[in-house]
Amino acid sequence: MQAGLLPAMGRPGAVGYCATHASHAVKTIKSYRLPGKTAFQSNSNRNDSILDPPEKALLKLSDNFLDLAPDAALTATTPRFINVYAGKSPARQAASTARELADSLMAPEASVSPKYFYNTLGSRLFEAITALDEYYPTRTEAGIFAAAYPQMAQALAQAGLPHPCLIDLGAGNCAKALALIPYLQPRQYVPVDISVEFLKGAAAQVQNNFPALGIVGVGMDFSAGLALPDEVQDEDRVFFYPGSSLGNFQPEQALQFLRQMADPAQGKARGLLIGIDLVKDAAVLQTAYDDALGVTAAFNKNLLRNVNELLGADFEVRQWRHVAFFNAGLSRIEMHLEAICDLTVSWSGHSRRFLAGERIHTESSYKYTVESMTELLRQAGFRQVRHWSDPKDWFAVFWAAV
Ligand SMILES: C[S@@+](CC[C@H](N)C(=O)[O-])C[C@H]1O[C@@H](n2cnc3c(N)ncnc32)[C@H](O)[C@@H]1O
């Protein structure tokens, strides 16, 4: 088997695959591809000794993800996709989004939730960020996964979850799940994201790679609640929440969110696999959110375009500049947009004046320690908490059972 043939067979997305890896990957993928067979077959083909060293995992996940075979694209079915509007009609959902945006823009200290970074362009810009030299989280997390997939699979099996319903919160391009699926062999894969059109494409790509895997894509804002559609299996739910996205919540909100996951009446989680960025040197953190190419700046400013679209506002993107810094007292990166001149923004009969230098707070990204994260998980009702980290202790992946 040549490594070059791997995409045509549908590879598991794990990075740095060599030829030996390729045969392992193909065996695993085939177990998903055989028509009429279950999506999860015996994993006796697994050979843990052929795992990539972490440094090989520094390749770009999104490159892997896009490198799909044309034949796969022709043969796969489109996965089921469900939009969830928190019990509202789409029109009422749009109205409540507009209200939320207007309220936060009119507050004395204007802000916009980071969930509004993610229209389709925002999702693409985030993918580009993950390829930047400065943005260590994605490749560091990938290295941790690459070194520990078998142990993670074992931890799930020991918790009685050998074939979980894998719920990928904020799945984005699904690249991380693509790599994880061959190891966890889920009975169902449920990518969830607010960036609906982008997710649809990504979920279809996962289906291309794993035609026999049951996939239900869910377009929803999970900050409004974690009630998933009936099509998502209740049994053996494992939430997958990589990329340190939990850090976007204030710590108290993060605790509530984790509690919702663990709640048998809501998220119904039996376990959680979560990636968390750790406290480190402020310069490393700051550069990761203020790269030399200005990709993060573009990502931040694109939020204004999304607000224009969702609220009918008239933000002029060129009148704003990107600001990012580490707030050590609060252990968080902050991103803001700063007005470069006096200006007025208007929408549907309302307006707000911003003076030069005034800011809109667009993101907080809280950084945890292993101890503080372990404590947060315990407080939320998780137990058997364990973690894996990289040699520099820059990032950690936690497994916690309910
Ligand atoms: C930082 S990206 C992480 C993407 C991917 N999981 C990874 O680790 O590379 C955050 C993802 O979460 C999604 N997201 C952010 N807030 C959300 C919300 N409230 N509800 C649903 N999805 C959300 C975004 O669209 C985006 O795809």
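Residues numbered from 1 in each chain as written. Predicted model: local features only at pLDDT ≥ 70, side-chain atom pairs only at ≥ 80, totals over all residues.

**Details of the overall build of the protein**
For the protein, the helix and strand inventory stands at 13 helices and 13 strands. Within the protein, the fraction of its 402 residues that count as buried is 45%. (Helix = DSSP H or I, 4+ residues; strand = E, 2+ residues; numbered from the N terminus. Buried ≥ 20, exposed ≤ 12 C-beta atoms within 10 Å, placed from the backbone.)

**Quick look at the sheet that holds strand 7 (residues 320-327)**
Read across the open sheet, the three strands follow the order 7-8-11; overall the sheet is antiparallel. Here the strands that pair on one side only, and so sit at the sheet edges, are strand 7 and strand 11 (359-366). For this sheet, the mean inter-axis angle between neighbouring strands, taken without regard to orientation, is 20 degrees. Where strand 8 (residues 332-339) and strand 11 come together, seven bridges link them in antiparallel fashion. If you follow His 336 over to strand 11, its bridge partner there is His 361. Set on the sheet, helix 12 (residues 295-311) makes contact with strand 7, strand 8 and strand 11; between it and strand 7 the angle comes to about 115 degrees. (Pairing = 2+ DSSP bridges. Axes fitted to C-alpha atoms, helices over the stretch in contact; angles between N-to-C directions. Contact = placed C-beta atoms within 7 Å.)

**Here's the deal with the site of the ligand**
Around the ligand lies a shell of 18 residues, among which Tyr 118, Gly 170, Gly 172, Ile 194 and Gly 243 are the nearest. Its residues assigned to classes, the shell around the ligand shows six nonpolar, eight polar and four charged. (Near = placed C-beta within 6 Å. Nonpolar A, V, L, I, M, F, W, Y, C, P; charged D, E, K, R; others polar.)

**Side note on the sheet that holds strand 3 (residues 188-193)**
Spatial ordering of the open sheet is given by 1-4-3-2-5-6-13-12, a layout of eight strands whose pairing is mixed. If you trace the sheet from one side to the other, it starts and ends with strand 1 (80-83) and strand 12 (383-389), each paired once. Across the sheet, the mean angle from the axis of one strand to that of its neighbour is 20 degrees, orientation sign disregarded. Alignment of strand 3 against strand 4 (residues 214-219), held across four bridges, turns out to be parallel. Note that in strand 4 the partner of Gln 188 across the bridge is Gly 214.

**Some details on the nonpolar core**
Side chains that are nonpolar tend, in soluble globular proteins, to be buried together. Ranked by size, the top nonpolar core spans 102 residues in total, and within it Ala 177, Val 238, Phe 240 and Leu 272 carry the most contacts. Per element, the largest residue contribution to this core is ten residues, and it comes from helix 7 (residues 136-158). Once residues lying within four places of it in the same chain are set aside, the contact partners of Val 238 are Leu 156, Leu 161, Pro 164, Cys 165, Leu 166, Ile 167, Ala 269, Arg 270, Gly 271, Leu 272 and Leu 273. (Core = buried A, V, L, I, M, F, W, Y, C linked by C-beta atoms within 7 Å.)

**Topic: the packing of helix 6 (residues 120-130) against helix 12**
Between helix 6 and helix 12, whose axes approach to 9 Å, the crossing angle comes to 170 degrees. Accordingly, the angle class assigned to the pair helix 6 and helix 12 is roughly antiparallel. Of the residues in helix 12, those in contact with Leu 121, Gly 122, Leu 125, Phe 126, Ala 128 and Ile 129 of helix 6 are Val 295, Thr 296, Ala 298, Phe 299, Asn 302 and Asn 306. For the contact of helix 6 with helix 12, the residue count by class is eight nonpolar, four polar and no charged. (Parallel < 35°, antiparallel > 145°, perpendicular 65-115°, else oblique.)

**A closer look at helix 12**
Between its first and last C-alpha, helix 12 extends 24 Å over 17 residues, near the 24 Å set by a 1.5 Å rise per residue. When we look at burial in helix 12, the residues that qualify are Thr 296, Ala 297, Phe 299, Asn 300, Lys 301, Asn 302, Leu 303, Leu 304, Asn 306, Val 307 and Leu 311. Contact partners of the buried residues in helix 12: helix 5 (90-106), helix 6, strand 7, strand 8, strand 9 (343-347) and strand 11. Directly after helix 12, the chain includes Gly 312, whose backbone phi takes a positive value near 70 degrees. (Expected span 1.5 Å × (residues − 1).)

**Quick word on the pairing of strand 13 (residues 395-401)**
Judged by how many residues are buried, strand 13 sits mostly within the fold: seven of seven residues are covered. Both strand 6 (residues 269-277) and strand 13 contribute to a ladder of seven bridges, which runs antiparallel. Within strand 13, the position partnered with Leu 273 by the bridge is Trp 399. With five bridges joining them, strand 12 and strand 13 adopt antiparallel strand pairing. Bridge pairing in strand 13 links His 387 to Phe 398.

**Observations regarding the packing of helix 10 (residues 251-262) against helix 13 (residues 370-379)**
Angle between the axes and distance between the axes are the two parameters that describe a pair of packed helices. Where helix 10 meets helix 13, the axes come as close as 9 Å, and the angle between the chain directions of the two elements is 50 degrees. Here helix 10 lies oblique to helix 13, going by the angle between them. Of the two possible hands of crossing, helix 10 and helix 13 adopt the one that is right-handed. The segment helix 10 lies against helix 13, with Ala 254, Leu 255 and Leu 258 engaging Leu 376, Leu 377 and Gln 379. Classifying every residue of the contact of helix 10 with helix 13 gives five nonpolar, one polar and no charged. (Left-handed = near helix turned anticlockwise from the far one by under 90°.)

**Considering unusual backbone geometry**
The backbone of Lys 268 sits at a positive phi, close to 60 degrees, despite the residue not being glycine. Of note in this structure, Asp 393 is not a glycine but carries a positive phi near 55 degrees. By the secondary structure assignment, Asp 393 is in the loop between strand 12 and strand 13.

**Section: the pairing of strand 8**
As paired elements, strand 7 and strand 8 share eight bridges and run antiparallel to each other. Its bridge partner being in strand 8, Val 323 is matched across the sheet by His 336. The turn joining strand 7 and strand 8, which pair antiparallel and follow one another in sequence, is formed by four residues; a positive phi near 55 degrees is taken by Ser 331.

**Structural notes on the confidence of the model for the protein**
Confidence along the protein averages 85 in pLDDT terms, with 81% of residues attaining 70 or more. Ignoring residues within four places in sequence, the model shows residues 1-74, a span with pLDDT below 50, making 129 contacts including any to other chains. (pLDDT = per-residue confidence, 0-100.)

**Points about the environment of Arg 139**
Secondary-structure assignment places Arg 139 in helix 7. Residue classification places Arg 139 among the buried positions, given that 22 C-beta atoms sit within 10 Å.

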